[in-house]
Amino acid sequence: MLTTNWHTHTKRCGHAVGEEEEYVVSAIHAGLKTLGFSEHAAYPVPDPTEHMPVEEINEYFRTVRSLKEKYKDQIDIHLGMEVEYYPDQWELLSRYRKETDYCILGQHSLTFRGKSSYRLKTPEHLKEYADKIEEACRHGLCDMIAHPDVALYSYPVIDDAVIYTAERLAEISLRYDIPLELNAGSGVQRGLVLYDDGPRYPYPVRAFFEVFAKHQCKIVPGLDIHDPNNFFTDKWLDRAFEVVEGLSCNIIEDYDIITPAKKRKQYFR
Ligand SMILES: [Zn+2]
Ligand SMILES: [Zn+2]
């Protein structure tokens, strides 16, 4: 059971259930001490099943801030957002960076409305994916790299390009001191999938974490929760941990994301 979770969604994104307060109440009952909301960032083009609508941004901010106050004696609540690095949306992303306590990077597409990271099948795609993550970190946009291995969702086989990508992400993580997430969300919830070289979860992917363990990158478990009831089960988290079993990963369960986020945010004044 985790007592800290920085990766939390709400029904605002269109593919989760439950209001903010339901997540807070469930998290308290499940024994969490720290809860960070990281709703999928809103962009100007409506995307009702993937992202929160732009019109709800202020309401999201207000709601999380008021819950933070209301439940302050029971749980530490923080306002965050899960963003993508899209250079053509930089003005909006900068605003989110300024107005939230922290940001996590979930690079779900290579470009705004472009190729989905769930559909990458070539070494060139992986390179482009790692390039985006590097740019995001270099610009101080994020404080954690969510599901770094989402790029392997459709990737057919663990080849040299996969290992090279893991090496690059490890290097980025160390250079910018940004942790990589061990994600307990839809990758493990989907179950084992048969790839060209055998069955595995779409993510997390052990080959990535072998490299992350070798370099002792900071690894933070994240529930990537889309249903408040999932606070009451360890089933998905256990699966994620099974993927990295036996590896000497540098796992930090009670990671403080807020202190480094404050420093990075200074560049966005
Ligand atoms: Zn989601
Ligand atoms: Zn997420």
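Structure report, in brief.

Observations concerning the overall build of the protein
Alright, step 1. Check the secondary structure of the protein and you find 9 helices and 10 strands.
Alright, step 2. In terms of C-alpha radius of gyration, the protein reaches 17 Å, essentially the compact-globule figure of 18 Å for 269 residues.
Alright, step 3. Across its three principal axes, the protein shows a C-alpha extent of roughly 50 × 40 × 35 Å.
Alright, step 4. The buried share among the 269 residues of the protein stands at 45%.
Alright, step 5. Taking the contacts inside the protein whose residues are at least 6 apart along the sequence as the reference set, 75% of them involve residues at least 24 apart.

Brief notes about helix 2 (residues 57–70)
Alright, step 1. The terminal C-alpha atoms of helix 2, which comprises 14 residues, lie 20 Å apart, in line with the 20 Å expected from a rise of 1.5 Å per residue.
Alright, step 2. Inspection of helix 2 places Tyr60, Val64 and Leu67 among the buried residues, and these make up the whole buried set. Projected onto a plane normal to the axis of helix 2, the buried residues spread over an arc of 65° and lie on a single side. Facing away from the buried side of helix 2 by over 90 degrees, the exposed positions are Asn58, Arg62, Glu69 and Lys70.
Alright, step 3. In this structure, the buried side of helix 2 is in contact with helix 1 (20–29), strand 2 (34–40) and strand 3 (76–83).

Details of the packing of helix 4 (residues 123–138) against helix 5 (residues 160–176)
Alright, step 1. Here helix 4 crosses helix 5 at 5°, and the two axes come no closer than 10 Å. Judged by the inter-axis angle, helix 4 sits roughly parallel to helix 5. For the pair helix 4 and helix 5, the contacting residues are Pro123, Leu126, Ala130, Ile133, Glu134 and Cys137 in the first and Ala161, Val162, Thr165, Arg168, Leu169, Ile172 and Tyr176 in the second.
Alright, step 2. Looking at the contact of helix 4 with helix 5 residue by residue, the class counts come to 10 nonpolar, 1 polar and 2 charged.

Here's the deal with unusual backbone geometry
Alright, step 1. At the junction of tyrosine 203 and proline 204, the peptide bond is cis and its omega measures out at 0° in the coordinates.
Alright, step 2. Even without being glycine, aspartate 177 reaches a positive phi, approximately 50°.
Alright, step 3. Secondary-structure assignment places aspartate 177 in the loop between helix 5 and strand 6 (180–183).
Alright, step 4. In this structure, glutamine 216 takes a positive phi of about 55° despite not being glycine.

Considering the nonpolar core
Alright, step 1. Judged by nonpolar contacts, the single largest core of 77 residues is most densely connected at Val83, Cys103, Leu105, Ile133, Cys142, Met144 and Phe212.
Alright, step 2. Those residues in contact with leucine 105 that sit more than four places away from it in its chain are Val83, Tyr85, Ile133, Ala136, Leu141, Cys142, Ile145 and Ala146.

Regarding the pairing of strand 6
Alright, step 1. Here strand 6 shows no split at all, with Leu180 and Leu182 on one side and Glu181 and Asn183 on the other all buried.
Alright, step 2. Here strand 6 runs beside strand 9 (residues 218–222); their pairing, made up of 4 bridges, is parallel. Counted as the bridge partner of leucine 180 is isoleucine 219 from strand 9.

Here we look at the pairing of strand 4 (residues 102–105)
Alright, step 1. Side chains Tyr102 and Ile104 of strand 4 all project onto a buried face; the interleaved residues Cys103 and Leu105 project onto the opposite face, where all are buried too.
Alright, step 2. Looking at chain direction, strand 3 and strand 4 are connected through 4 bridges and run parallel. Along strand 4, the bridge assignment pairs valine 83 with leucine 105.
Alright, step 3. In this fold, strand 3 hands off to helix 3 (residues 90–99), which returns the chain to strand 4; that crossover is right-handed.
Alright, step 4. Sheet topology places strand 4 next to strand 5 (residues 144–145); 2 bridges connect them, and they run parallel. When the bridges of strand 5 are listed, leucine 105 appears paired with isoleucine 145.
Alright, step 5. Taking the sense of rotation as the criterion, the β-α-β connection linking strand 4, helix 4 and strand 5 turns out right-handed.

Quick notes on the environment of tyrosine 203
Alright, step 1. In this structure, tyrosine 203 sits in the loop between strand 8 (198–200) and helix 7 (206–214).
Alright, step 2. Counting along the chain gives 81 residues from tyrosine 203 to threonine 122, while the straight-line C-alpha distance between them is 17 Å.
Alright, step 3. Ignoring sequence-local partners within four residues, the contact set of tyrosine 203 consists of His147, Asp149, Val150, Leu152, Tyr153, Asn183 and Gly187.

Quick word on the environment of arginine 65
Alright, step 1. With respect to the helices and strands, the residue arginine 65 is situated in helix 2.
Alright, step 2. Exposure remark for arginine 65: the 14 C-beta atoms within 10 Å place this residue in the partly exposed category.
Alright, step 3. The spacing of arginine 65 and threonine 100 is 35 residues in sequence and 9.9 Å in space, taken between C-alpha atoms.

The rules behind the values
Residues numbered from 1 in each chain as written. Chains lettered and ligands numbered in written order. Predicted model: local features only at pLDDT ≥ 70, side-chain atom pairs only at ≥ 80, totals over all residues. Helix = DSSP H or I, 4+ residues; strand = E, 2+ residues; numbered from the N terminus. Rg over C-alpha atoms; globule rule 2.2 N^0.38 Å. Buried ≥ 20, exposed ≤ 12 C-beta atoms within 10 Å, placed from the backbone. Contact = placed C-beta atoms within 7 Å. Expected span 1.5 Å × (residues − 1). Arc of directions from axis to C-beta. Axes fitted to C-alpha atoms, helices over the stretch in contact; angles between N-to-C directions. Parallel < 35°, antiparallel > 145°, perpendicular 65-115°, else oblique. Nonpolar A, V, L, I, M, F, W, Y, C, P; charged D, E, K, R; others polar. Core = buried A, V, L, I, M, F, W, Y, C linked by C-beta atoms within 7 Å. Pairing = 2+ DSSP bridges. Right-handed = clockwise from strand over helix to strand, strands pointing away.

Geometry only, nothing functional implied.
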